[in-house]
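Inside the fold
Residue strings, one per chain:
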Amino acid sequence: ELFRTVITAFPDSYEAQANLGYSQLMEYLDQLEPADMASFGLGQVVAGAFTRRPLSMEPEVRGVNSALWFQATAALQSALRINPEMSEAHANLGIAYLMQPGGGGAASAVASLSQAADLARWDYTLNERAKAAILINLSAAQNAEGTYSAAYDNVIAAQTELSKLDG
């Protein structure tokens, strides 16, 4: 609700649009059941997550919430209309496409995550972990699409990003 308030006051705030979309996406993902996740047929995906949630904050409704998914993607797309160079919004939209209701979003996920990966190379606001997460998610999307060689290359690129943390 706070992001909606900010967007009302500052309609050109792509950061608020992106944060609204991200929070809605995380809420959508949090409502999914293990069987829902399995139905997407994905490998490992890196996204924001809860390590433990108080019982009082358990979602009342569990499962695929199509309306919430559409709200999340609409907010992320709004952010990208304002600022098409926002790598994180492209990355989160890619995750949304990977886990869209009914599945079948691998091609759209690859397009969004490829754009995110290209932009992330020059995005000084992202650290190595964030860049590696984008590459891992791109790899998962490419695996879902059946482009295994490219998926492998992106896992290696993610490993290279993470190896920068050792030094």
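Structure first, text after, so check above.
Here is what the cut-offs are and how they apply
- Residue numbers here run from 1 along each chain, matching the order of that chain's written sequence.
- In view of the model being predicted, local features appear only for residues whose pLDDT reaches at least 70, and side-chain atom pairs are presented and counted only at 80 or more, with totals across whole chains, interfaces and linings using the full set of residues.
- Excluding hydrogens and water, the side-chain values take into account all heavy atoms of the structure.
- Numbered from the N terminus, helices here are DSSP runs of H or I no shorter than four residues, and strands are runs of E no shorter than two.
- Radius of gyration means the value over C-alpha atoms here, while the globule rule gives 2.2 Å times the residue count to the 0.38 power.
- Relative accessibility thresholds used throughout: buried, under 20% of the residue-type maximum; exposed, over 50%; partly exposed, between the two (1.4 Å probe, protein chains only).
- To be clear on the numbers: accessible area is Shrake-Rupley with a 1.4 Å probe, and residue cover counts the displayed protein chains and nothing else.
- In this charge count, Lys and Arg are treated as positive and Asp and Glu as negative; neither His nor the chain ends contribute.
- Charge positions are represented by NZ for Lys, CZ for Arg, CG for Asp and CD for Glu.
- Each Phe, Tyr or Trp ring, with Trp reduced to its six-membered ring, pairs with another whose centre is within 6.5 Å; inter-plane angles below 30 degrees give stacked pairs, above 60 give edge-to-face pairs, and intermediate values give tilted ones.
- Fitted lines through C-alpha atoms give the axes, limited to the stretch in contact for helices. The angle between two N-to-C directions lies from 0 to 180 degrees.
- Roughly parallel refers to an angle under 35 degrees, roughly antiparallel to one over 145, roughly perpendicular to one between 65 and 115, and oblique to any angle outside these ranges.
- Crossing chirality is assigned from the near helix's rotation relative to the far helix, an anticlockwise turn below a right angle marking it left-handed and a clockwise turn marking it right-handed.
- We call two residues in contact when some of their heavy atoms are within 4.5 Å.
- Put simply, Ala, Val, Leu, Ile, Met, Phe, Trp, Tyr, Cys and Pro go in the nonpolar bin, Asp, Glu, Lys and Arg in the charged bin, and everything else, Gly too, in the polar bin.

Points about the overall build of the chain
On a plain count of helices and strands, the chain comes out with eight helices and zero strands. Taking 167 residues into account, the globule formula puts the C-alpha radius of gyration at 15 Å, and the chain, at 16 Å, falls close to it. With respect to the principal axes defined by its C-alpha atoms, the chain has extents near 40 × 40 × 30 Å. Expressed as a percentage of its 167 residues, the buried residues of the chain come to 43%. Taken as a whole, the chain presents about 9500 Å² of accessible surface, with 55% of it coming from carbon and sulfur. Seen as two clouds, the 9 positive and the 18 negative side-chain charges of the chain have centres 3 Å apart.

A look at the packing of aromatic side chains
For the structure shown, the criterion picks out two aromatic pairs. Ring plane angle 85° and centroid distance 4.8 Å describe the contact between W69 and F70, whose orientation is recorded as edge-to-face. Classification of W69 as buried rests on a relative accessible area of 6%.

Comments concerning the packing of helix α6 (residues 106–120) against helix α7 (residues 128–145)
At a closest axis distance of 9 Å, the pairing of α6 and α7 adopts a crossing angle of 155°. Taken together, the axes of α6 and α7 lie roughly antiparallel to each other. For the element pair α6 and α7, the recorded crossing hand is left-handed. Of α7, the residues touching α6 (which contributes A106, A107, A109, V110, L113, S114, A116, A117 and A120) are K131, I134, L135, N137, L138, A141, Q142, A144 and E145. Classifying every residue of the contact of α6 with α7 gives 13 nonpolar, three polar and two charged.

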